[in-house]
Amino acid sequence: MNAERWRSLSQPVLGSGWRYAKTLAYRVPVGWNLHGLLAEDSAARAPDFYLWVVRMPLFVPTDVIDLSWSERFGGSSRVFEPEGTEAAQAVATAAEEVIEQSSDEALRLPPPGGADNVGMQEARGYALLLEGNPSGALEVLGRVLRYEPEYEWDQAIADRARQIKSMVEQNRTSDALSVLETWRSKSLTALGMSDK
């Protein structure tokens, strides 16, 4: 589904408080976490699409929508026909879920189904720091650093975790928080989003 088609389907249903970045509709104002709806084409059943309820931390640097904390609305294999009234109803119902989640203010996003990985632990460590729990952040970031990186992406995780952990250990928590804010701003820019 292209961005124009997604907007024409979702905009009448969503109303105010939403902005668009391609096939992502997201809640504003944007905090530390992104909350929104994403339309993803179904390769097997075009022009049908999957509808994602998106949750994602922005304080971990990114230039892509990471669906690790997100879930497909209606189940993992449920698709919607863009022209049907069922799709508009699904968008409306999923939007209510997004609005409820975005009002929660929780910084630590639980992974769907309890699945966890080193990237999620990195985000959890930073969220603990943002919540004012530096000792919890140090413990979780220590776990991240026990993971042996094999690829460029997981080396980047280790490097970031080491940087933040070192700042906190040196009682430079405000500097670490400034780094997280910088990463959030860069993520928003890279994703073509505005926080207002």
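Refer to the structure presented above.
Go over the environment of F73, please, and point to the residues and values.
Here F73 lies in the loop between β5 (71-72) and α2 (85-102). On the accessibility criterion, F73 (17% relative accessible area) is buried. Expressed as a C-alpha distance, the spacing of F73 and K196, which sit 123 residues apart in the sequence, is 26 Å. Apart from residues lying up to four places away in sequence, F73 is in contact with L51, W52, V53, R78, F80, A90, T93, A94 and E97.

A description of helix α1 (residues 3-14) should follow, citing residues and the corresponding values.
Three- or four-residue spacings in an α-helix give side chains the same orientation, since the helix completes a turn every 3.6 residues. W6, L9, S10 and L14 are the residues of α1 that are buried. Each buried residue of α1 sits inside an arc of 115 degrees when the element is viewed along its axis, so together they form one side. Counted as exposed and oriented over 90 degrees from the buried face of α1: E4, S8 and P12. Packed against the buried residues of α1 are β1 (18-21), β2 (24-27), β3 (33-41), β4 (49-57) and α2.

How would you explain the packing of helix α3 (residues 118-130) against helix α6 (residues 173-190) if you had to name every residue and give the values?
Packing of α3 against α6 brings their axes to within 10 Å, and their N-to-C directions diverge by 120 degrees. Viewed along their axes, α3 and α6 adopt a mutual orientation that is oblique. Relative to α6, the crossing made by α3 is left-handed. Packed against α3, whose contacting residues are Y126, L129 and L130, the element α6 presents T173, A176, L177, L180 and W183 at the interface. Class assignment of the residues belonging to the contact of α3 with α6 gives a composition of seven nonpolar, one polar and no charged.

Just give me the short version of the side chain of R55, but keep the residues and values in it.
Along the chain, R55 falls in strand β4. This buried residue, R55, is left without a salt bridge; E71 holds the nearest opposite charge, at 4.9 Å. One polar contact links the side chain of R55 to the main-chain carbonyl oxygen of W69, over a distance of 3.1 Å. Among the polar contacts listed, one links the side chain of R55 to the backbone oxygen of P110, at a separation of 2.8 Å. Those residues in contact with R55 that lie beyond four places of it in its chain are L34, H35, D66, W69, S70, Q101, L109 and P110.

An account of a nonpolar patch on the surface is needed here, citing residue identities and associated values.
A surface patch of nonpolar side chains, about 360 Å² in accessible area, is lined by Y147, Y151 and W153. Mapped onto the elements, Y147 comes out in the loop between α4 (134-146) and α5 (152-169). A relative accessible area of 34% means that Y147 is categorised as partly exposed.

Go over the pairing of β1, please, and point to the residues and values.
As defined by bridge partners, β1 adjoins β2 across four bridges and the pair is classed as antiparallel. Residue pairing for β2: W18 is matched across the bridge by R27. Counting the residues that bridge the hairpin from β1 to β2 gives two residues, and of these K22 lies at a positive phi of roughly 55 degrees.

Conventions and cut-offs
Residues numbered from 1 in each chain as written. Predicted model: local features only at pLDDT ≥ 70, side-chain atom pairs only at ≥ 80, totals over all residues. Heavy atoms only, no water. Helix = DSSP H or I, 4+ residues; strand = E, 2+ residues; numbered from the N terminus. Buried < 20%, exposed > 50% of the residue type's maximum accessible area, 1.4 Å probe, protein only. Contact = heavy atoms within 4.5 Å. Arc of directions from axis to C-beta. Axes fitted to C-alpha atoms, helices over the stretch in contact; angles between N-to-C directions. Parallel < 35°, antiparallel > 145°, perpendicular 65-115°, else oblique. Left-handed = near helix turned anticlockwise from the far one by under 90°. Nonpolar A, V, L, I, M, F, W, Y, C, P; charged D, E, K, R; others polar. Lys, Arg positive; Asp, Glu negative; His and termini not counted. Salt bridge = Lys/Arg side-chain N within 4 Å of Asp/Glu carboxyl O. Polar contact = N/O pair within 3.5 Å; in protein donor to acceptor, adjacent residues only side chain to side chain. Patch = residues over 30% accessible without salt bridge, like charges linked within 9 Å, V, L, I, M, F, W, Y side chains within 5 Å. Areas by Shrake-Rupley, 256 points an atom, 1.4 Å probe, with all protein chains shown as cover. Pairing = 2+ DSSP bridges.

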